[in-house]
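# Architecture at a glance
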Amino acid sequence: MKPARYLGRQLEFFLLNYITAHVPVYCFRKAVYRLCGAKIGKRTIIDMDAYVLSPELLRIGSHTHINHDCMLNAEGGITIGDNVSISHHVRICSSSHAYDTPDFKLRQAPIRIDNHVWIGLGAMVHLGVHIGEGAVIASGAVVTKDCEPWTVYGGVPAKAIGKREISEVAYDCTSFLHTHGLRKPYLR
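In what follows, the accompanying structure is described. Please read all numbers here as calculations on a predicted model, not as lab measurements. (Residues numbered from 1 in each chain as written. Predicted model: local features only at pLDDT ≥ 70, side-chain atom pairs only at ≥ 80, totals over all residues. Heavy atoms only, no water.)

## Here we look at the overall build of the protein chain
Helix and strand content of the protein chain: three helices and 19 strands. For the protein chain, the C-alpha radius of gyration of 17 Å lies close to 16 Å, the compact-globule estimate for 188 residues. Within the span of the protein chain, comprising 188 residues, buried residues form 46% of the whole. Sequence-distant contacts, at least 24 apart, represent 27% of the contacts inside the protein chain between residues at least 6 apart. Summing over all exposed atoms, the protein chain offers an accessible surface of approximately 9,900 Å²; the carbon and sulfur share of this is 59%. Charge centroids of the protein chain, computed over 21 positive and 16 negative side chains, lie 6 Å from each other. (Helix = DSSP H or I, 4+ residues; strand = E, 2+ residues; numbered from the N terminus. Rg over C-alpha atoms; globule rule 2.2 N^0.38 Å. Buried < 20%, exposed > 50% of the residue type's maximum accessible area, 1.4 Å probe, protein only. Contact = heavy atoms within 4.5 Å. Areas by Shrake-Rupley, 256 points an atom, 1.4 Å probe, with all protein chains shown as cover. Lys, Arg positive; Asp, Glu negative; His and termini not counted. Charge placed at Lys NZ, Arg CZ, Asp CG, Glu CD.)

## A word on the sheet that holds strand β6 (residues 71-73)
Strand order in this open sheet of five strands is β3-β6-β9-β14-β17, and the pairing throughout is parallel. The open sheet is flanked by β3 (51-53) and β17 (142-143), the only strands paired with a single partner. Bridge count for strand β14 (residues 124-125) against β17 is two bridges, and the pairing is parallel. For Val 125, the partnering residue across the bridge sits in β17 and is Val 143. (Pairing = 2+ DSSP bridges.)

## Some remarks on the pattern of salt bridges
Tallying each qualifying case throughout the model produces four salt bridges. Here Arg 9 makes a salt bridge to Glu 56, at a shortest N to O gap of 3.0 Å. With Arg 9 in helix α1 (residues 3-19) and Glu 56 in the loop between β3 and β4 (58-60), this residue pair connects regions lying 47 residues apart in the sequence. Classification of Glu 56 by relative accessible area gives partly exposed; the value is 27%. Arg 112 is the salt-bridge partner of Asp 114, the closest N and O atoms lying 3.1 Å from each other. Taken together, the salt bridges that share partners define one network made up of Arg 9, Glu 12 and Glu 56. (Salt bridge = Lys/Arg side-chain N within 4 Å of Asp/Glu carboxyl O.)

## Section: α1
The terminal C-alpha atoms of α1, which comprises 17 residues, lie 23 Å apart, in line with the 24 Å expected from a rise of 1.5 Å per residue. Among all positions of α1, only Glu 12, Leu 16 and Asn 17 are buried. For α1, the arc enclosing every buried residue in end-on projection is 100 degrees, short of the 170-degree limit, so these residues lie on one face. α1 presents Pro 3, Ala 4, Leu 7 and Leu 11 as exposed residues on the side facing more than 90 degrees away from its buried surface. Its buried side turned inward, α1 meets α2 (26-35) and β3. (Expected span 1.5 Å × (residues − 1). Arc of directions from axis to C-beta.)

## Details of the pairing of strand β19 (residues 159-163)
Among the five residues of β19, zero are classified as buried, and the element is accordingly described as predominantly exposed. The hairpin turn running from strand β18 (residues 151-154) into β19, its antiparallel successor, is four residues long, and Gly 155 in that turn takes a positive phi close to 100 degrees.

## Some thoughts on the sheet that holds β4
Strand order in the open sheet formed by five strands is β1-β4-β7-β12-β15, with parallel pairing between adjacent strands. The strands lining the two open edges of the sheet, one partner per strand, are β1 (39-40) and β15 (130-131). The pairing of β1 with β4 spans two bridges and is classified as parallel. Its bridge partner being in β4, Lys 39 is matched across the sheet by Arg 59.

As structure tokens, then:
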């Protein structure tokens, strides 16, 4: 990598994760993520202290809420649908190292999270995973394989533990902010 490009990437990393992530003004954070290449839909909220790598490979739909202190490592690409609720301290990592190679080679694979998914507190989603529409990932689960739509997953590694007995939802993951007047001026 050329020195100028390397310095640019380091500056972007510092700007996103040590300055922007801590600014308490929602619209500022969203604007900076977009300036760095992230595609973010209408009324999507990324709370403070998000840790973002490779924002140019990050795609987030509308009405999605990413809570406080989440990691979005998009080096392999992350696509998140509409009306997705991602709880506090969730780790979504689309790259890792191959432990069985002599050079600790970097592996990357895209992650896709479909509409109406709920990922619980402290869960982890590994590279190459597809989480189907309406799936629920329980708190603390470690998702290493694809998840079927409208199914509840929990454990380490995550396994199906139940069904979500609905096939259609009528909620908006950011509506509570509108009805309680929270952050209203910042939602765009």
